[in-house]
Amino acid sequence: MTWTLMDKCCNRCWHSPEYPCRHYIRCRLSGPLCHEDVECRVRRSRRLKEIRYGRHGFKINVPLASCTIAAGAHEVYEAVVKEVKSRGILADIHRTGCMGMCYIDPWIELSKKGMPSAIYANVKPSDVPRIIKEYLEGDVSSAFALRNRTGNAKGEDKVPLLDELEPWRNQVRWVSRNCGIVDPESIEEYIALGGYRGLDRALNMRPEEVIEEIRKSGLRGRGGAGFPTWLKWKIAREQPGDVKYIIMNADEGDPGAFMNRLLAESDPHRVLEGMIIAAYAIGASKGFIFVRAEKPLMAERLSKAVEQARKYGLLGDNILGRGFSFDVEVILSAGAFVCGEETALIAAIEGRTRPRQRPPYPATRGLWGKPTIINNVETLAHVATIMAEGWEKFAKYGTEKTKGTKMFCVTGSVKRTGAYEVPVGTTIEKLVVEIAGGPPEGRKIKAVQIGGPSGGCVPASLLSTPIDYETLQKAGAIMGSGGIVVIDDHSCMVDVAKFFTSFTVAESCGKCFPCRIGMKILYDILEKITNGEGSEEDLEVLEELGNVIRSSSLCALGGTAPNPVLSTLRYFKDEYLAHVRSKRCPAKVCTKLVEYWINPDKCTGCGTCARNCPSKAISGELGKPHVIDKSKCIHCGQCYIVCPVGAVEKR
Amino acid sequence: MSYLELSERIDKVFGHLELRLSLRNGSVDAKFRVVHDMRLIEAVIEGRKVDEAPIIASRICGACSIAHFLASITAIENALGVELPDDIILLKESMNKIQVAQNNVVHLFFLALPDYYNARTLSELLSRNPDLIKVGFKLNNLCLQVVELLAGRIVNPNTYRIGGFTKKPSKDKVEKAVRILGEAEKLAREVVDHVTRLELPELVDPSPVYLVSESPIGYLSIGDYILSSTGEKFRAVDYPKYISEEVVDYSNSKVYRYNGRVFYVGSRARVLEYGERLVGLEDYVSSIVKELNNPYANIKAKALEILATIMDVKEKLDELKDRDLRLRTEYTIRSGEGVGVLEAPRGLLIHHYRVDSEGRVVYANIITPTAMNALHIEHSAMTLGKKIVEGELDVVEAKKYLSMLVRAYDPCLPCAVHVVVKQ
Amino acid sequence: MVKVYVNDKEVEVGEGSYIIDAVIKAGYSVPTLCFFKGIYREASCRICIVELGNGRLVPACAYPVSEGLRVYTNTERVRRNRRVILELILASHKIKCQSCPRKGGFCQLLDLAREYGVEGIPVCAECPLHGNECLLVRGEPCLGPITIAGCGSPCTREGTICIGCRGPITRRDVLVEAARLYKEHKIPLEEVFSKMKLFWNNHPSLDKIYNILLETYNGGEKK
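Definitions and limits used
Residues numbered from 1 in each chain as written. Chains lettered and ligands numbered in written order. Predicted model: local features only at pLDDT ≥ 70, side-chain atom pairs only at ≥ 80, totals over all residues. Heavy atoms only, no water. Helix = DSSP H or I, 4+ residues; strand = E, 2+ residues; numbered from the N terminus. Rg over C-alpha atoms; globule rule 2.2 N^0.38 Å. Buried < 20%, exposed > 50% of the residue type's maximum accessible area, 1.4 Å probe, protein only. Contact = heavy atoms within 4.5 Å. Areas by Shrake-Rupley, 256 points an atom, 1.4 Å probe, with all protein chains shown as cover. Lys, Arg positive; Asp, Glu negative; His and termini not counted. Charge placed at Lys NZ, Arg CZ, Asp CG, Glu CD. Buried area = accessible area lost by both parts, 1.4 Å probe. Salt bridge = Lys/Arg side-chain N within 4 Å of Asp/Glu carboxyl O. Polar contact = N/O pair within 3.5 Å; in protein donor to acceptor, adjacent residues only side chain to side chain. Domains from an automatic or database assignment. Pairing = 2+ DSSP bridges. Axes fitted to C-alpha atoms, helices over the stretch in contact; angles between N-to-C directions.

(A) Seen up close, the overall build of chain B. When its secondary structure is counted, chain B shows 14 helices and 13 strands. In summary, chain B has a C-alpha radius of gyration of 21 Å against a globular reference of 22 Å for 423 residues, a match within 12%. Expressed along its principal axes, the backbone C-alpha trace of chain B runs to roughly 65 × 55 × 35 Å. Within the span of chain B, comprising 423 residues, buried residues form 62% of the whole. For chain B, the share of sequence-separated contacts (at least 6 apart) that also reach a separation of at least 24 residues comes to 72%. Carbon and sulfur atoms make up 49% of the accessible area of chain B, which amounts to about 16,400 Å² in all. Positive and negative side-chain charges of chain B, numbering 55 and 58 respectively, have mean locations separated by a distance of 4 Å.

Encoded structure:
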């Protein structure tokens, strides 16, 4: 084991979890503080440099997060290890988290003293030897982007700087600043980059002052509802009783939203730090991290972070000698969407299942009847950053009512899928078109679905809406956790609504009637419409029922579940009408409403379609154009999929 | 005065009608126009099962649904040759009688009486003479309670089916009915005292011929014959030979003649025919019988009937409450023809059905009292018209008397309009 | 004590009470199904929703009162929502009134369905069968199993068959159950159809009802 920043420089340092030192965090970077020793000081600054530039002056960053691993980062990592070994060079192969730019996954970053740091995109294991060879030879012309320019390398001018790239330039990397840079499994690196300073500062203040700091920053819950964080804390703080709890909601369930996972996987200590600060502010002695078992890496990294923090006395009794005790337990959830609802989450920890009526809110009566605060991963990451940087820097960004930045996951029909952090109040257009690159060539944005299954669709005409809790609500969507699905003109809005409804139908806990039965009926009606059996009365039922579910469901799941249906009904009524009146799907998605025909000019007569047709509706001689018998066709779309020359067309 | 046409839409009757009286060069003509849409009940009944016919028939009229129901069911029982035990007949008749009483209360208090107090509407009368109207409401309520006890519910009875009652009325029920009737009797006496003293407009019945269904015993019982004031008595089944029907172009109701003569059915006829059988009410009968050739006197006869039927039903129920009743008899479906005649609140009611061997109604004919009275109303109105011509009445008064006259007959128009023109 | 306004009527209730206590104290009522005082207060049926002054709909049984709270128990919006909720409850309710122990006047769902005019529960639910022989058992073509309840079953009470004057229930499960009953008691469907024509001759769903009845009746024990 090498000596790390976290270790004692010499025996004069006495910090341990049992006998904590107040200046432990500051001492790590600008230490030693308790004694003057040049050797110790040099030792620390040398280690700091090592962390920044690598021990051997050559550092290769490979991102290992769930998303990059899925894209093949493990193989790349192994290829890098192999290549470094075979070349016999001295290099630090460094694991990091994900940058959030999913479209370049897996990427690797090479940085050598005297050379610009170069990021290579979409790396395959077979590319690794070539990349390393070129880089070592001083050629960066095949890189995707550079972090800086030195003027020493070949082809430097042709490669853009990362800061100049559209998706990077428009971002404000506030909570995600460390993502893709630090090793998520190393507390040392986090501290080296200024981590746990916020905690140190907070513990120097009284809890009320911490709450005041957060109030001034204007931070609102990033989980979806946008409740002011300080107010929640204040309510919990003012509750009588000694036992209070804090829960980190890492049970991200929206399809298409992964910013919490990204943060917790790439920078887990920041999240944990925020949690400790929050616990201090409300006076909680015990915290729970409620994390999805379906996201094992996230759970693993959070557990590791907790372990490390405990090891160095950042969790446990008398943290940093300030007389504040706090410990955290990681709980694996079974993965239910309804656990995004506070009371359901609490119930899940208690071993029950369903949400309950609010009020009383968890801040007054929560886990085991005690005041409980539930904060989202991103909110806590913001807390840590605000406490470290001060509220002024945070409040600089954002709108009048909502300050700061927010991470959004842009998926769907865009060129640059990814998680981007922008100031609140950025327009949808900027996020979707400028940062995420807009839809692929030849397609048009039809709508943007914001807020996951609980959110709504905002039509293309409202793309200039600034993303803010209030404005989105007015447009019929919600901010939610920040998932943005871009829908282009190849998608049918009824089908989209059906997809999201099917999700909530499956995820409804079944406690209250409006959500359990109502959503099922909504889904049945949508299915009827997409099958071409709907009538205009059905649209009225959709609207009426949707409103009832929204206003009279027990929890927020039911309260927002009809949003996809209601918002598409509001903005895309003509598509619904086309489905029910002329039994036609304008986007040609709903297979029952699409007529398939074989274009005789393109058909080569290979017979593939006829062999695959389940209802034997296709006939024709080999080598001659085939025809579909409309009376037999069951609209399964199989021929459309299997045709090798694209002769089967929809109309 | 050479030409005058009075066209009155009469209010305070069941349904909508128009009476048009035209005076031209001394000649008088009256038209009793029923302006309801046709209801074609007979056509609805034809082709139905026998047990469904009474269900439909009772829906002809909400006010006198029991009369239609019983007439229909009696016709079918006759067609199927069902022999009913005395107990059933007695209860059946009680049902009818108490409904006659209730209908008469409604007619008297809510439709006819306001005219005699110069009130245009019931509410006007209520504010001016609340005690009287309260008696009416009370009496109506009491009668309805008894109707409900006997018939199952207020309209469209459901305790009776072909071949008898479905359930034996419990002793509690009968006792309750008797108690209510006792209360009602006192009120009814007040009413009769009051109404028999009313001053009526003067008018002489222009066509003093009447028909009434035979009551073998007592008053308002159900028999198989029809009696006429001319002394003729014929079997109900033979009614087509004596009563001729005719479709008129100006009205949605048919008109009827007895042996070619305009005739009358209703309370006056019943009191004239059977008044002497009303034991204990001889004084009342003798006090009004002189007036009974005046169509307006119908209201007096109706008032008398209220008391008479309440007393009668009370006595009958009191008598049978301790007896073991036989209320059900078996029947078999067979083909046949039957006519049911009984005295509905507004007069003679005839239901005539022919049933095939599968138990389906193949022919239905319903003759309602209002339809039979249509011509009689016209003739009475013409008599009134003549008075105008002779200068005995001025036009404003005539209008009032005209409405009072129509109301005195208590026509029920929804009953009258199930015309089917048979080709 | 906390001051609450129920339908603009001022009423004082103890702290920690729920809206329903205030409503009852003020002399109004809200329907409840899942609520049992002291035993169950989970607000899962949502039928007791009331409107607050700020326009929110909350369940009266589980929403705690606060000073100056304004509660409206019977607004248009509340009634509309309750109606839909009731329809949803009925949609998920297994309607087998013929074998339900709560029939004959004890069915809360029936009372609510009647109040809010929701179709779904057949006359059998209120046909007071206590000491009364079921007409189907006697072999009579009673329409009770397929007619909307709410009349108080005056006909079957008096021993005559139900003739369906309140209109048919068009729900499939109810019809299937009815067809099963008719079959069990060997009542020919033609007679039932004949009775159905009395009041439902022009009902838009008549064909559908016919077909479902016929299908189940002839379909044997198929499930």
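(B) The arrangement of the overall build of chain A in detail. Tallying secondary structure elements over chain A gives 26 helices and 18 strands in all. C-alpha extents for chain A along the principal axes are approximately 90 × 65 × 40 Å. A total of 651 residues make up chain A; the buried ones form 59% of that total. Counting only contacts in chain A whose residues sit at least 6 apart along the sequence, the fraction spanning at least 24 positions is 69%. Accessible area of chain A: about 25,600 Å², with a carbon and sulfur share of 51%. When the 90 positive and 77 negative side-chain charges of chain A are each reduced to one mean point, those points stand 1 Å apart.

(C) Expanded view of the side chain of Asn298(B). All names here are of chain B. Turning to its location among the elements, Asn298 is positioned in helix H11 (residues 298-320). Taking relative accessible area as the criterion, Asn298 reaches 3% and is therefore assigned buried. When residues no more than four places from it in sequence are discounted, the contact partners of Asn298 are Tyr264, Ser267, Arg268, Ala408 and Tyr409.

(D) A look at the interface of chain C and chain A. Each partner contributes to the interface: chain C provides 21 residues, whereas chain A provides 18 residues. Counting each side, the surface lost to burial between chain C and chain A is near 1,600 Å², with a carbon and sulfur contribution of 64%. Summed over the shared surface of chain C and chain A, the number is two salt bridges. Lys511(A) serves as the salt-bridge partner of Glu42(C), at 2.2 Å between the closest nitrogen and oxygen. Linking chain C with chain A are six residue pairs in polar contact (both at pLDDT 80 or more), by the criterion used here. Those elements giving two or more residues to the side of chain C that touches chain A turn out to be strand E4 (57-59) and helix H2 (76-91) of chain C. At eight residues, the largest contribution of residues to the side of chain C that touches chain A is made by H2(C).

(E) Structural view of the domain arrangement of chain A. By domain assignment, chain A separates into domain 1 (1-45), domain 2 (58-162), domain 3 (187-395), domain 4 (405-490), domain 5 (494-580) and domain 6 (595-650). On a C-alpha basis, the centres of domain 3 of chain A and domain 6 of chain A stand 57 Å from each other.

(F) Molecular detail of the sheet that holds strand E9 (residues 372-376) of chain A. Residue and element names in this part refer to chain A. A sheet is described by the order of its strands in space; here four strands give the open sequence E8-E7-E6-E9, paired in parallel fashion. Either end of the sheet is taken by a strand with one partner, and the two such strands are strand E8 (327-333) and E9. Direction aside, neighbouring strands of the sheet carry axes that sit 20° apart on average.

(G) Inspection of the sheet that holds strand E1 (residues 2-6) of chain C at higher detail. Residue and element names in this part refer to chain C. Spatially, the five strands line up as an open sheet ordered E2-E1-E5-E3-E4, and their pairing is mixed. Strands with a single pairing partner mark the edges of an open sheet, and in this sheet they are strand E2 (9-13) and E4. Going across the sheet, the axis of each strand differs from the next one's by a mean of 40°, ignoring polarity. Here strand E3 (residues 49-52) pairs with E4 via three bridges, running antiparallel. By the bridge assignment, Val50 is partnered in E4 with Val58. The strands that H2 touches are E3, E4 and strand E5 (69-72); relative to E3, the one it contacts most, it runs at about 155°.

(H) View of the environment of His74(A). Residue and element names in this part refer to chain A. Inspection of the secondary structure puts His74 in helix H4 (residues 73-87). The class for His74 is partly exposed, based on a relative accessible area of 37%. The sequence separation of His74 and Pro106 amounts to 32 residues, and the corresponding C-alpha distance is 9.2 Å. If near-sequence neighbours (up to four positions away) are discounted, His74 is found in contact with Leu64 and Ile69.

(I) How the structure looks around the environment of His15(A). All names here are of chain A. Within the secondary structure, His15 sits in the segment before helix H1 (24-30). Taking the C-alpha atoms as reference points, His15 and Thr465, 450 residues apart in sequence, are found 52 Å from one another. Ignoring sequence-local partners within four residues, the contact set of His15 consists of Lys8, Pro20, Cys21, Tyr24, Tyr312, Gly313 and Leu320. Polar side-chain contacts of His15 include one of 2.8 Å to the backbone nitrogen of Cys21. A polar contact of 3.0 Å, which involves the side chain of His15, links it to the backbone oxygen of Tyr312.

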